[in-house]
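For reference, the chains in residue letters:
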Amino acid sequence: MTPDLLLPTAPIVRPDKDRFLNEENPFEGMMSRFDRAAELLDLEPGIYKVLRHPEKQIITSIPVMLDNGEVEVFTGIRVLYNTSRGPAKGGIRFDMNVSLDEVTALAAWMTWKCAVVNIPFGGAKGGVICDPLKMSVGELERLTRRYTASIIQTLGPDSDVPAPDVNTNERVMAWIMDTYSMHVRHTVTAVVTGKPVEMGGSLGRREATGRGCMIVTKQALAHLGMPLKGTTLIVQGFGNVGSVAAQLLQREGCKIIGISDRTGGYVNPKGIDVDEAIAHVKQHKTLEGFAQGDRVTNEQLLTTDVDVLLPAALENVITSKNAAQIKAKIICEGANGPTTAAADAILDEKGIFVIPDILANAGGVTVSYFEWVQDRGGYFWTEQRVNDSLTQIMEQSFDAVLNLSKQHKVNMRTAAYMLSISRVATVHRLRGIYA
Ligand code: GLU
């Protein structure tokens, strides 16, 4: 550990240069889609201006005592994009590529996502620039608790409710809940969602995002007149979202012919046994060494001939550089922002049916909503009730977006933005501007 890590400001961590391929940053990508939908909706200038700005951005330095006795200072961010429809809602990610622009885009996407599925939340997101894989459990706990204390002014079941995201999980949510509860001097389960079931978490929450992807993929297949049985699927990113979506779609009869994680991809036209892949990851932490299938790069995986492509990792993997080579008929965006705005136009030209992120991956926050409702009511649902309610909301939302897309002759992404922006704008109109 070098002495400069003891300085009061965090080391500046530059996002990986190749990550955004200089094509766009996620905030600009989100804004260009917003602008198009706003124009089609003929949004009045005042509300247009309000919705282009995040309500609140917090950047905080987080000193943490490392196991070796030295101090490291990390940078943490929490952005509340819009709270007109209810408490801010959105995950917290631990990742080296976290930046203010990325977190702001993700917070805006949470706003639109909650509105698409019509749950009474605004949108938020948080992130800490760190590499959790290189940190011990003790270091992660101290980081989480100090970050929570630093943003405590926004947190609360009525104001801002975090959840898991990239590299955070139930255990991290338990630390956030405990830290918050210690500060307010009583136990507040509803301050986070995605908690362990033993302490107020919801059954079905862990699988909810992947389950939601499965539900909307089935609807897209039915809409396009494609059969479920034998439909081929490739999942890029084999974490909590991708692995569950792959497992559930395999159970529905789809054939999973490719999977990948950050160690690389595996393609097998005869089909991959998803349960075995999950067991491999459980044992080895990654897919490295997975024997079923040919080893390919992530890039080759994305452009393999397949019916459904399900990107379920990070932003900006489908770009103007590879969109023309994509052969899938359906893209189900399990990740947030996996497709750049420039790639949208190419996918449209090719006639690829895209289920946009703010709809496709909304299952997670929908069950977060059920968890928050259960915590506040102090009455817990069966897993069946959770899954049935999730299916109902996902199906209704898919149909609403599809109808709008037909009505306005726009793609599913533009329709989803139109639906959500109009819902947020309506509330702004009703509430007016406080002076
Ligand atoms: N991180 C998830 C997302 O991006 C879940 C957010 C939540 O449940 O609040 O949708």
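Before going into details, it helps to say that this report is about the structure given with it.

Reading the values: the criteria
Sequence positions are assigned chain by chain, starting from 1 and proceeding in written order. Totals for whole chains, interfaces and linings use all residues, but because this is a predicted model, local features are given only for residues with pLDDT of at least 70 and pairs of side-chain atoms are given and counted only at 80 or more. Only hydrogens and water are set aside when side-chain values are computed; all heavy atoms of the structure are taken into account. One requirement defines pairing of two strands: DSSP has to find at least two bridges between them. Numbering of helices and strands runs from the N terminus; a helix is a DSSP stretch of H or I covering at least four residues, while a strand is a stretch of E covering at least two. Angles here are taken between N-to-C directions and fall from 0 to 180 degrees, while the axes themselves are lines fitted to C-alpha atoms, restricted in helices to the stretch in contact. The contact criterion used is simple: two residues touch if any of their non-hydrogen atoms lie within 4.5 Å. In this scheme, a helix's expected span is set at 1.5 Å multiplied by one less than its residue total. Each residue is assigned to one of three classes by its accessible area relative to the maximum for its type, calculated with a 1.4 Å probe on protein chains only: buried under 20%, partly exposed between the two thresholds, exposed over 50%.

## Side note on the sheet that holds strand β3 (residues 88-94)
Now for step 1: Pairing is mixed across the open sheet formed by 5 strands, whose spatial order is β1-β2-β4-β3-β5. Since the sheet does not close on itself, it has two edges, and those belong to β1 (56-65) and β5 (160-164), each with one partner. Sheet twist, expressed as the mean angle between neighbouring strand axes with direction ignored, is 25°.
Now for step 2: Packing of helix α3 (residues 100-116) onto the sheet brings it into contact with β1, β2 (71-82), β3 and β4 (122-129), and relative to β4 it is tilted by some 150°.

## Some points on helix α6 (residues 208-223)
Now for step 1: Under the 1.5 Å per step criterion, the end-to-end length of α6 is 22 Å for 16 residues, consistent within 8% with the ideal 22 Å.
Now for step 2: Burial analysis of α6 places 13 of its 16 residues in the buried class, which makes it a mostly covered element.
Now for step 3: Once α6 finishes, Gly-225 follows within two positions and takes phi at roughly 70°, a positive value.

## A few points about the sheet that holds strand β6 (residues 232-236)
One key point about sheets: their strands pair by backbone hydrogen bonds, in either a parallel or an antiparallel sense.
Now for step 1: One open sheet holds the 7 strands; their spatial order is β9-β8-β7-β6-β10-β11-β12, and the pairing between them is mixed. On the outer flanks of this sheet lie β9 (294-296) and β12 (353-355), each paired with one strand and no other. Across the sheet, the mean angle from the axis of one strand to that of its neighbour is 20°, orientation sign disregarded.
Now for step 2: One ladder, built from 4 bridges, connects strand β7 (residues 255-261) with strand β8 (residues 264-267); its direction is antiparallel. Within β8, the position partnered with Ile-259 by the bridge is Tyr-266.

Coordinates in, geometry out; function isn't part of it.
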